[in-house]
Amino acid sequence: MSGTDRPAGRGAYGLWAGGEWREPEGGHYPVTDPATEERVGLAPEGGRADVDAAVRAAGAAQEEWARTAPAERAAVLERVAALLEERTPDLVPLLQAETGATTKVARGMQLPPAADRFRRYARGAVEPDTVPLAPQPVRASALAPGGLIGGAAVRRPLGVVGCITSYNFPVANLAGKVAPALAMGNAVVCKPAPQDPLTCLELGPLLSEAGLPDGLFHVVTGSGPAAGEALVEHDGVGMVSFTGSTAVGKRIAETAGRGMKRTLMELGGKGAAILLADADEAALTRCLGAVASTWAFHSGQICTAPTRVLVQRSRYEEVVERLAQLAGAMTVGDPTDRATVVGPLVSAAQRDRVERYVAGAREQGARVVTGGTRPDLKPGHYVAPTLLADVTPEMTVAREEIFGPVVVALPYEDEEDAVRIANGTPYGLYDYVFGADAGHAWALASRLRSGNVGINTAQRHPETPFGGFKESGVGRDGGSFGLHAYSELQSVVWPS
């Protein structure tokens with residue numbers, strides 16, 4: 001296939017490269033609906049030659065884009081946002097079919113944030129990129145005569161950015177990388193997750209319609225790691241932006257390091273929700289709602305979820321009982337049914353992985369309070385909302401990211417114990433503190449080795465820097481920090 005015609009229905013997609021559909025070198029592989037297990041469409045099996053062609057074309061187009069006036073780049077990104085909003089009703093069914101997201105998540109948390117991110121970085125394209133520095137008197141040296149030397153720090157584009165994304169929020173996650181990268185004058189080559197790449201491919205013609213010059217946005221997909229590995233290894237890629245597991249992130253960092261590529265890594269999480277001893281009913285209710293979002297928000301397939309709830313021993317059973325009631329009231333089933341709260345996991349492999357964690361917790365002595373068995377729903381890759389109690393910090397389910405609708409409840413003795421437990425995993429992406437005294441919660445947040453802390457809320461602030469401590473990642477994006485992430489600082493000096 002070649003050209004700009006959109007693939008029909010559930011047919012075979014091409015790669016998006018150079019402003020048109022291209023036939024992949026490796027044929028196609030099926031993308032299946034997690035709820036029905038039926039084929040949604042055929043995704044292209046991209047290979048090294050496809051990646052090489054995309055990177056070379058991106059490199060050829062990038063220099064002119066970098067010289068384009070920031071206001072023109074901003075206008076393109078603004079049109080992308082408008083088109084995404086306009087096409088959301090058409091794109092939601094495809095996105096929902098390939099991700100298994102519930103209607104509420106698909107309509108509210110998948111595509112609208114993508115449009116918001118393109119609009120935010122339309123503004124970002126015209127943010128000042130130069131920090132003037134006060135002139136400094138400098139003595140003469142063997143290098144140059146002395147005098148008053150002026151200087152400035154200027155953000156410059158990196159060139160070609162390789163964007164590798166996760167399956168849970170394919171379009172929103174990709175937009176969070178592509179929009180700031182393009183705003184800063186880069187070109188991008190994208191490798192979406194193999195489970196649900198079709199809506200990401202649909203962005204190709206949409207960006208072209210918005211006026212993005214050919215060659216600046218490429219999408220190469222594949223059922224395995226080959227295309228992503230080729231992208232990370234390519235000499236023409238100046239930066240790799242990755243969202244996914246810590247294990248894969250480590251391999252990417254090792255490969256990228258050999259070529260001194262810049263990296264932005266948003267990796268796994270094992271969020272702790274600490275309910276403080278002073279928590280009143282309002283704080284407790286907020287805590288319960290935040291923890292229950294692990295089950296309700298895309299079936300726990302989100303790295304920032306508060307999957308560990310830490311409760312002082314005197315209130316432990318009360319909190320466990322109330323969480324069990326919330327879990328039991330959640331409807332599990334067809335994600336297209338508006339009454340459904342918990343939909344399927346993205347694949348049979350992910351469902352089986354989650355079930356192994358629950359079985360292992362039983363063997364290690366945890367108590368399955370609710371869930372823990374496969375729902376009687378066929379077809380579909382379903383896991384019931386599961387609450388595990390009597391969990392100790394050493395148990396596997398308390399230390400490793402499960403990425404499913406599973407919450408573990410751990411008792412603590414005092415705040416020192418709570419901090420020790422919260423910090424006792426390899427991760428440090430997003431933690432939460434709930435209590436009546438916000439000032440006290442603020443002070444406790446400073447002791448958490450986590451890149452993000454929510455106090456009495458699971459809500460996000462779009463302008464804060466987002467990223468993790470420890471094995472949860474490297475670097476920060478979000479707001480103006482995203483512009484910094486996708487650019488390089490250049491110092492420029494001159495005699496005054």
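Located above this text is the structure these notes cover.
Residues numbered from 1 in each chain as written. Predicted model: local features only at pLDDT ≥ 70, side-chain atom pairs only at ≥ 80, totals over all residues. Heavy atoms only, no water.

Caption draft 1: Region of the structure containing the overall build of the protein chain. Helix and strand content of the protein chain: 14 helices and 21 strands. Taken over the C-alpha trace, the protein chain has a radius of gyration of 24 Å; the compact-globule value for 496 residues is 23 Å, and the two agree within 12%. For the protein chain, the spread of C-alpha atoms along the three principal axes comes to 70 × 65 × 40 Å. Considering the protein chain as a whole, with its 496 residues, one finds that 55% of them fall into the buried category. In the form shown here, the protein chain has an accessible surface area of approximately 20200 Å², with 54% of it arising from carbon and sulfur atoms. Placing the 47 positive and 57 negative side-chain charges of the protein chain at their respective mean positions leaves the two points 3 Å apart. (Helix = DSSP H or I, 4+ residues; strand = E, 2+ residues; numbered from the N terminus. Rg over C-alpha atoms; globule rule 2.2 N^0.38 Å. Buried < 20%, exposed > 50% of the residue type's maximum accessible area, 1.4 Å probe, protein only. Areas by Shrake-Rupley, 256 points an atom, 1.4 Å probe, with all protein chains shown as cover. Lys, Arg positive; Asp, Glu negative; His and termini not counted. Charge placed at Lys NZ, Arg CZ, Asp CG, Glu CD.)

Caption draft 2: View of the packing of aromatic side chains. Within this structure, the stated rule accounts for six aromatic pairs. Considering the side-chain rings of Y13 and W21, the 5.9 Å spacing of their centres and the 80 degrees angle between planes classify their relative orientation as edge-to-face. Given a relative accessible area of 0%, W21 falls into the buried group. Through a chain of ring-to-ring contacts, the aromatic side chains of Y13, W16 and W21 assemble into a single cluster. Over the face of the ring belonging to Y121 we find R120, whose NZ or CZ atom lies 5.3 Å from the ring centre. (Phe/Tyr/Trp six-rings, centres within 6.5 Å; stacked < 30°, edge-to-face > 60°. Lys NZ or Arg CZ within 6 Å of the ring centre and 35° of its normal.)

Caption draft 3: A look at the pattern of salt bridges. The full count for this structure, using the stated rule, is 23 salt bridges. With a shortest N-O distance of 3.0 Å, E233 and R48 are connected by a salt bridge. With E233 in helix α6 (residues 226-233) and R48 in helix α1 (residues 48-67), this pair connects stretches of sequence that are 185 residues apart. Three or more residues joined by partner-sharing salt bridges are found here, namely E281, R315, E318 and R322. (Salt bridge = Lys/Arg side-chain N within 4 Å of Asp/Glu carboxyl O.)

Caption draft 4: Quick look at the nonpolar core. Residues L84, F118, V178, L182, V188, L207 and F217 are the most contacted members of the largest nonpolar core, which totals 86 residues. Top element by residues in this core is helix α2 (residues 70-99). It accounts for 12 residues. In this view, V178 contacts F118, V188, C190, L207 and F217; residues no more than four positions away in its chain are not counted. (Core = buried A, V, L, I, M, F, W, Y, C linked by side-chain atoms within 4.5 Å. Contact = heavy atoms within 4.5 Å.)

Caption draft 5: A look at α1. Given a rise of 1.5 Å per residue, 20 residues ought to cover 28 Å, and the 29 Å separating the end C-alpha atoms of α1 matches this to within 8%. The sharpest bend along α1 reaches about 30 degrees and sits at A61. Restricting attention to buried positions, one finds in α1 the residues D50, V51, A54, V55, A58, A61, Q62 and W65. (Expected span 1.5 Å × (residues − 1). Bend = angle between axes of the 7 residues up to and from the residue.)

Caption draft 6: Broad picture of the packing of α2 against helix α5 (residues 198-209). Interaxial distance between α2 and α5 falls to 10 Å at its minimum, and their mutual angle equals 160 degrees. In terms of their interaxial angle, α2 and α5 are classed as roughly antiparallel. Pair α2 / α5 crosses with right-handed handedness. Contacts from V80, L83, L84, R87, L91, L94, L95 and E98 in α2 reach L198, T199, E202, L203, L206, L207 and E209 in α5. Its residues assigned to classes, the contact of α2 with α5 shows 10 nonpolar, one polar and four charged. (Axes fitted to C-alpha atoms, helices over the stretch in contact; angles between N-to-C directions. Parallel < 35°, antiparallel > 145°, perpendicular 65-115°, else oblique. Left-handed = near helix turned anticlockwise from the far one by under 90°. Nonpolar A, V, L, I, M, F, W, Y, C, P; charged D, E, K, R; others polar.)

Caption draft 7: Inspection of the sheet that holds strand β7 (residues 147-157) at higher detail. If you trace the three strands from one edge of the open sheet to the other, you get β6-β7-β21, paired in antiparallel fashion. Sheet topology places β6 (130-138) and β21 (487-495) at the edges, where each strand pairs with a single neighbour. Averaged over all neighbouring strand pairs, the angle between strand axes comes to 20 degrees, with direction disregarded. One ladder, built from nine bridges, connects β7 with β21; its direction is antiparallel. The residue bridging A152 from the neighbouring strand is V492, located in β21. (Pairing = 2+ DSSP bridges.)

Caption draft 8: Structural view of the environment of A361. Checked against the element boundaries, A361 lands in helix α10 (residues 348-363). In this structure the C-alpha to C-alpha distance between A361 and V397, which are 36 residues apart in sequence, comes to 6.3 Å. Sequence-distant contacts of A361, that is, excluding residues within four places in its chain, are made with A366, L388 and V397.

Caption draft 9: Structural view of unusual backbone geometry. For the peptide bond that leads from K378 to P379, omega is -5 degrees, which places it in the cis range. Tracing the backbone through its elements, the reader meets P379 in the loop between β15 (367-370) and β16 (386-389). Phi is positive for F403, which is not a glycine, with a value near 60 degrees. When you line up the elements, F403 lands in the loop between α11 (396-399) and β17 (406-412). On the basis of relative accessible area, F403 is assigned to the buried category, the value being 16%.

Caption draft 10: Structural context of the pairing of strand β12 (residues 262-266). Pairing of strand β11 (residues 239-243) with β12, which is carried by five bridges, proceeds in the parallel orientation. Across the sheet, the residue bridging to S241 is L264, located in β12. For the segment spanning β11, helix α7 (residues 246-258) and β12, crossover handedness is right-handed. (Right-handed = clockwise from strand over helix to strand, strands pointing away.)

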